[in-house]
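A closer look at the structure
Take a look at the letters that make up each chain.
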Protein chains: 2
Amino acid sequence: MDAALRAELDLRGVSPDCRQTIELVRDVLARVGDKWTVLVISALASGPLRFGALHEEIAGISHRMLTRTLRSLTRDGLLTRTPYAEMPPRVEYALTPLGHSLNEAVSGVVRWVQKHQPEVIDNRLAFDQVAGT
Amino acid sequence: MDAALRAELDLRGVSPDCRQTIELVRDVLARVGDKWTVLVISALASGPLRFGALHEEIAGISHRMLTRTLRSLTRDGLLTRTPYAEMPPRVEYALTPLGHSLNEAVSGVVRWVQKHQPEVIDNRLAFDQVAGT
DNA sequence: CTGAATCCCTGCCGATACTG
DNA sequence: CAGTATCGGCAGGGATTCAG
């Protein structure tokens, strides 16, 4: 994929007209790299949840950030927002098929992290050991 | 993976002793989410490159950020740094096996972006259309 | 050619308070 | 309960300069 990726992302020598497309790719990639996106997606992977439930489910996320993340994910078509006109109000969020597909793609990275995390930690310690000499 | 991910990342009701582990997982995930990490990894996927070459290859990265990214990736054991005592100096960076494995994991996400990016763009336009009413 | 250090500014994000 | 608006701290990252 490296060649393909660079073909998409490399800005050198491409027509100015094409740069806009590249910006967009970066943009979509940034969505995945977002601090909370992955957590929200994975929280919804097993089924729809309402706002409050998500807030409990995802430890450490602030009210504000959950709102923003949900809004932008909805905007991207990764999840649906369905409000119920009740009292008190209730809003349910659910993954779209697109959202599910992203979840699957991301799961590979999550598994990598789970598998190799100890190794990375060790490497950091070893590195700092040498640097600290 | 959703269950597994939440099992790893969810902070509710876990012993304080375990939270440290969770912090580390987030930490490693952040490495992947870093703005430049993926680009550097993919640039090196096809073979070793020296600092200057990377700087050309990765459009838009600043001198400072390339240095920092390379250093932290080296620290994580994702790539090796081999300086040559010449004049002028030359330093080559190459992916380690661990780095290659990460590259493969990430490639799934990159492919997802490449495939679904147009769809996401459309969704955004449609969303803004309605919102702008 | 690499890379470390400094300066500085922008934008993210948490806390808080207020609407429906 | 769900969402918006405002403020403020602080970190990311670019430009520049100095060193080996």
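Above this text sits the structure in question.
Residues numbered from 1 in each chain as written. Chains lettered and ligands numbered in written order. Predicted model: local features only at pLDDT ≥ 70, side-chain atom pairs only at ≥ 80, totals over all residues. Heavy atoms only, no water.

Examining the interface of chain A and chain B
Quoted interface sizes are often the accessible area lost when the parts come together. Between chain A and chain B, the contact holds 58 residues from the first and 59 residues from the second. In total, chain A and chain B occlude about 5,400 Å² of area from one another, counting both sides; carbon and sulfur atoms represent 66% of this. One can count four salt bridges joining chain A with chain B. With its nearest N and O atoms 2.6 Å apart, the salt bridge here joins Arg124 of chain A to Asp76 of chain B. (Contact = heavy atoms within 4.5 Å. Buried area = accessible area lost by both parts, 1.4 Å probe. Salt bridge = Lys/Arg side-chain N within 4 Å of Asp/Glu carboxyl O.)

Some remarks on the nonpolar core
Counting 64 residues, the largest nonpolar core has Trp112 of chain A together with Trp112 of chain B as its most contacted members. Beyond its immediate stretch of four places on either side in the chain, Trp112 of chain A contacts Gln117 and Val120 of chain A together with Val28, Leu78, Leu98, Ser101, Leu102 and Ala105 of chain B. (Core = buried A, V, L, I, M, F, W, Y, C linked by side-chain atoms within 4.5 Å. Buried < 20%, exposed > 50% of the residue type's maximum accessible area, 1.4 Å probe, protein only.)

Notes on the protein's contact with DNA strand C
Not every one of the 17 residues close to DNA strand C is listed here, only the nearest: Ser62 and Met65 of chain A together with Arg50, His63 and Arg81 of chain B. Here the atoms of DNA strand C within 4 Å of the protein split so that 67% fall in sugar or phosphate, with bases taking the remainder. Within the contact set of DNA strand C, a phosphate oxygen lies 2.7 Å away from a side-chain nitrogen or oxygen of Ser62 of chain A. Sorting the residues of the surface near DNA strand C by element identifies helix 5 (63-75) of chain A together with helix 4 (51-57), helix 5 (63-75) and strand 3 (90-95) of chain B as the ones contributing at least two each. For the surface near DNA strand C, the residue count by class is eight nonpolar, four polar and five charged. (Near = heavy atom within 4 Å. Polar contact = N/O pair within 3.5 Å; in protein donor to acceptor, adjacent residues only side chain to side chain. Helix = DSSP H or I, 4+ residues; strand = E, 2+ residues; numbered from the N terminus. Nonpolar A, V, L, I, M, F, W, Y, C, P; charged D, E, K, R; others polar.)

Focus: the relation of the copies chain A and chain B
Take chain A, turn it by 180°, move it 0.0 Å along the axis, and it overlays chain B with an RMSD of 0.1 Å. The relationship between the two copies is best expressed as a two-fold rotation axis. If distances are taken from each C-alpha of chain A to the rotation axis, the shortest is found for Gly33 of chain A, at 2.0 Å. Counting the interface residues of chain A, we find that 100% of their copies in chain B are interface residues as well, pointing to one common contact surface. (Least-squares fit on C-alpha atoms with pLDDT ≥ 70 in both.)

Structural notes on the sheet that holds strand 2 (residues 79-84) of chain A
Residues and elements named next belong to chain A. Here we have three strands laid out as an open sheet, ordered 1-3-2, and antiparallel in their pairing. Strand pairing shows two members of the sheet lacking a second neighbour, strand 1 (49-50) and strand 2, which therefore form its edges. The pairing of strand 2 with strand 3 (residues 90-95) spans six bridges and is antiparallel. Across the sheet, the residue bridging to Arg81 is Tyr93, located in strand 3. Each of strand 1, strand 2 and strand 3 is contacted by helix 3 (residues 37-44), which is oriented at about 95° to strand 3, the strand it contacts most. Sheet strands touched by helix 5: strand 2 and strand 3. Its angle to strand 2, the strand with the most contacts, is close to 115°. (Pairing = 2+ DSSP bridges. Axes fitted to C-alpha atoms, helices over the stretch in contact; angles between N-to-C directions.)

So, the protein's contact with DNA strand D
Of all residues adjacent to DNA strand D, which total 18 residues, the nearest are Gly52, Arg81 and Tyr93 of chain A together with Ser62 and Met65 of chain B. The contact in question runs from a phosphate oxygen of DNA strand D to an N or O atom on the backbone of Gly52 of chain A, over 2.6 Å. When contributions to the surface near DNA strand D are tallied by element, the ones reaching two or more residues are helix 4 (51-57), helix 5 and strand 3 of chain A together with helix 5 of chain B. Here the element with the most residues in the surface near DNA strand D is helix 5 of chain A; it accounts for four residues. The residue inventory of the surface near DNA strand D, partitioned by class, reads eight nonpolar, four polar and six charged.

Some points on helix 6 (residues 97-131) of chain A
In an α-helix, one turn spans 3.6 residues; hence positions three or four apart end up facing the same way. For helix 6 of chain A, with 35 residues, the first-to-last C-alpha span of 47 Å sits near the 51 Å given by 1.5 Å per residue. The sharpest bend along helix 6 of chain A measures roughly 55° and falls at His116 of chain A, with the proline Pro118 of chain A sitting one to four residues further on. (Expected span 1.5 Å × (residues − 1). Bend = angle between axes of the 7 residues up to and from the residue.)

A few points about the packing of helix 6 of chain A against helix 6 (residues 97-131) of chain B
Close contact between helix 6 of chain A and helix 6 of chain B brings their axes to 10 Å; oriented N to C, the two are set at 155°. Classed by the angle they form, the pair helix 6 of chain A and helix 6 of chain B counts as roughly antiparallel. Viewed along their axes, helix 6 of chain A and helix 6 of chain B form a crossing whose handedness is left-handed. Side by side, helix 6 of chain A and helix 6 of chain B meet where Leu98, Ser101, Leu102, Ala105, Val106, Gly108, Val109, Trp112, His116, Glu119, Val120 and Asn123 of chain A of the first sit next to Leu98, Ser101, Leu102, Ala105, Val106, Gly108, Val109, Trp112, His116, Glu119, Val120 and Asn123 of chain B of the second. For the contact of helix 6 of chain A with helix 6 of chain B, the residue count by class is 14 nonpolar, eight polar and two charged. (Parallel < 35°, antiparallel > 145°, perpendicular 65-115°, else oblique. Left-handed = near helix turned anticlockwise from the far one by under 90°.)

Focus on the sheet that holds strand 2 (residues 79-84) of chain B
All names here are of chain B. What the three strands build is an open sheet, ordered 1-3-2; its pairing is antiparallel. Two strands in the sheet have a free side with no partner beyond their single neighbour: strand 1 (49-50) and strand 2. Across two bridges, the pairing between strand 1 and strand 3 is antiparallel. Paired with Leu49 across the bridge in strand 3 is Tyr93. Helix 5 rests against strand 2 and strand 3 of the sheet, and its axis sits at about 115° to strand 2.

No statement about biological role is implied by the geometric values presented.
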